[in-house]
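The residues making up each chain are set out below.
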Amino acid sequence: MREIRNIVILTGAGISAESGIPVFRSETGLWEQHRVEDVATYEGFLRDKTLVHEFYNRMRRNLANVKPNPAHEALVRLSREWNKGSVSLITQNIDNLHEAAGSENVIHMHGELMRISCENCGGVFDWKDDSSIDTVCPKCGKKSMRPHIVWFGEMPYDMDYIQDLLCGCDLFISIGTSGVVYPAAGFARLTHGRGAFNIEFNLEQSATAGYFDKGIYGKAGTTLPEFVDNLLKYGNLDFIEKSI
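What counts and how
- Residues numbered from 1 in each chain as written.
- Predicted model: local features only at pLDDT ≥ 70, side-chain atom pairs only at ≥ 80, totals over all residues.
- Heavy atoms only, no water.
- Helix = DSSP H or I, 4+ residues; strand = E, 2+ residues; numbered from the N terminus.
- Rg over C-alpha atoms; globule rule 2.2 N^0.38 Å.
- Buried < 20%, exposed > 50% of the residue type's maximum accessible area, 1.4 Å probe, protein only.
- Contact = heavy atoms within 4.5 Å.
- Areas by Shrake-Rupley, 256 points an atom, 1.4 Å probe, with all protein chains shown as cover.
- UniProt positions renumbered as here; feature names shortened; annotations may be inferred.
- Polar contact = N/O pair within 3.5 Å; in protein donor to acceptor, adjacent residues only side chain to side chain.
- Core = buried A, V, L, I, M, F, W, Y, C linked by side-chain atoms within 4.5 Å.
- 1 Å grid on protein atoms, 1.4 Å probe; cavity = no way out; pocket = protein on both sides within 12 Å on 5 of 7 lines; lining within 4 Å.
- Points joined across faces, edges and corners; volume = space filled by probe spheres on them.
- Nonpolar A, V, L, I, M, F, W, Y, C, P; charged D, E, K, R; others polar.
- Pairing = 2+ DSSP bridges.

1. What to know about the overall build of the chain
- If you tally the helices and strands in the chain, you get nine helices and 11 strands.
- Compactness check: the chain gives a C-alpha radius of gyration of 19 Å against a globular reference of 18 Å for 244 residues, within 12% of the reference.
- Dimensions along the principal axes, computed over C-alpha positions, put the chain at roughly 55 × 35 × 35 Å.
- Buried residues in the chain amount to 50% of all 244 residues.
- Taking the intrachain contacts of the chain between residues at least 6 apart in sequence as the baseline, contacts between residues at least 24 apart amount to 64%.
- Of the roughly 12,100 Å² that the chain leaves accessible, carbon and sulfur atoms contribute 47%.

2. Focus: the UniProt feature "binding site: NAD(+)" (unreviewed entry) in the chain
- UniProt records the feature "binding site: NAD(+)" (unreviewed entry) at Gln 92, Asn 93, Ile 94, Asp 95, Gly 176, Thr 177, Ser 178, Asn 202, Leu 203, Glu 204 and Ala 220, using the numbering of this structure. Spanning 129 residues, the named residues do not form one spatial group; their C-alpha atoms are separated by as much as 22.9 Å.
- Its place among the elements puts Asn 202 in strand S10 (residues 197-202).
- Beyond its immediate chain neighbours, meaning those up to four positions away, Asn 202 contacts Gly 176, Thr 177, Ile 216, Tyr 217 and Gly 218.
- Within the local environment of Asn 202, its side chain forms a polar contact with the backbone oxygen of Thr 177, the two atoms lying 2.6 Å apart.
- Examined against the element boundaries, Glu 204 turns out to sit in the loop between S10 and strand S11 (214-217).
- Residue classification places Glu 204 among the exposed residues on the basis of a relative accessible area of 59%.

3. Digging into the nonpolar core
- Counting residues in each nonpolar core, the largest one holds 26 residues, and the members touching the most others are Phe 227 and Leu 237.
- Mapped by element, the contributors of at least two residues to this core are strand S1 (7-11), helix H5 (70-81), strand S9 (171-175), S10 and helix H9 (220-234).
- In terms of residue count, the dominant contributor to this core is H9 (five residues).

4. Here we look at the environment of Trp 127
- Looking at where Trp 127 falls in the secondary structure, it is placed in the loop between strand S7 (124-126) and strand S8 (145-149).
- Judged by its relative accessible area of 18%, Trp 127 is buried.
- Sequence-wise, Trp 127 and Phe 45 are 82 residues apart; in three dimensions their C-alpha atoms are separated by 19 Å.
- Residues within four places of Trp 127 in sequence aside, it is in contact with Arg 60, Leu 113, Met 114, Arg 115, Ile 116, Thr 135 and Pro 138.

5. A look at the layout of surface pockets
- The space that makes up the second largest pocket amounts to roughly 280 Å³.
- Counting residues per element, the ones that place at least two in the lining of the second largest pocket are H5 and strand S4 (87-91).
- If you tally residues by element for the lining of the second largest pocket, the top one is H5, at four residues.
- Counted by class, the lining of the second largest pocket contains seven nonpolar, five polar and two charged residues.

6. A closer look at the side chain of Asp 170
- Within the fold, Asp 170 resides in the loop between helix H7 (159-167) and S9.
- There is a polar contact of 3.1 Å between the side chain of Asp 170 and the backbone nitrogen of Arg 5.

7. So, the sheet that holds S4
- Strand order across the open sheet formed by six strands is S5-S4-S1-S9-S10-S11, with parallel pairing between neighbours. If you trace the sheet from one side to the other, it starts and ends with strand S5 (107-108) and S11, each paired once.
- In terms of strand pairing, S1 meets S4 through five bridges, oriented parallel. Within the sheet, the bridge partner assigned to Leu 10 lies in S4 and is Ile 90.

See the structure below:
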């Protein structure tokens, strides 16, 4: 196989689920026993800001009891030891498990639980405590704070930068994604069309499995560390049909 230099990795809810974080989308339409429309849309925030702040406060507090799993740790190793090009990590997850494992410069396209933002001045701040309608912006002093989360109907963060990374990668790896949430669901089609080698790690085929050259199915905490070991050992994908 041709040389692999630049690697782009996309992670979704599946990688965090192995650490015990509930998957965002469920068959019931509920997220943590709340309607998605109430806690993951701006309209829901306007209807009941107290409810939304409390919802994300609880999720933020729960992160203290959740630890990274071997899949997160394998990505740290790949980033630190890959010396043939760049490794870029994009996540749809709002938790901090990648950072807790040791990953740096993670692109959180859907926002972060450990940050809040100001609707008045646009400031974004690291945040470990609870927030409320009475929380004052550290920059402008207004009571206009919201969770730093991309809700349904809002534009994900850093899309121009992500587009550049996808267009320049030789290997695209998707881990624990359903392939139904856009724009991330379109990443595999883009990289496939530009000639990158695409691999998905999932419990089962995603909705975009047709755009992947290889699917590796099972728990990422088991399959991904072995894959990373081989990729670092060989420096290419010659092993791919024989591994796992």
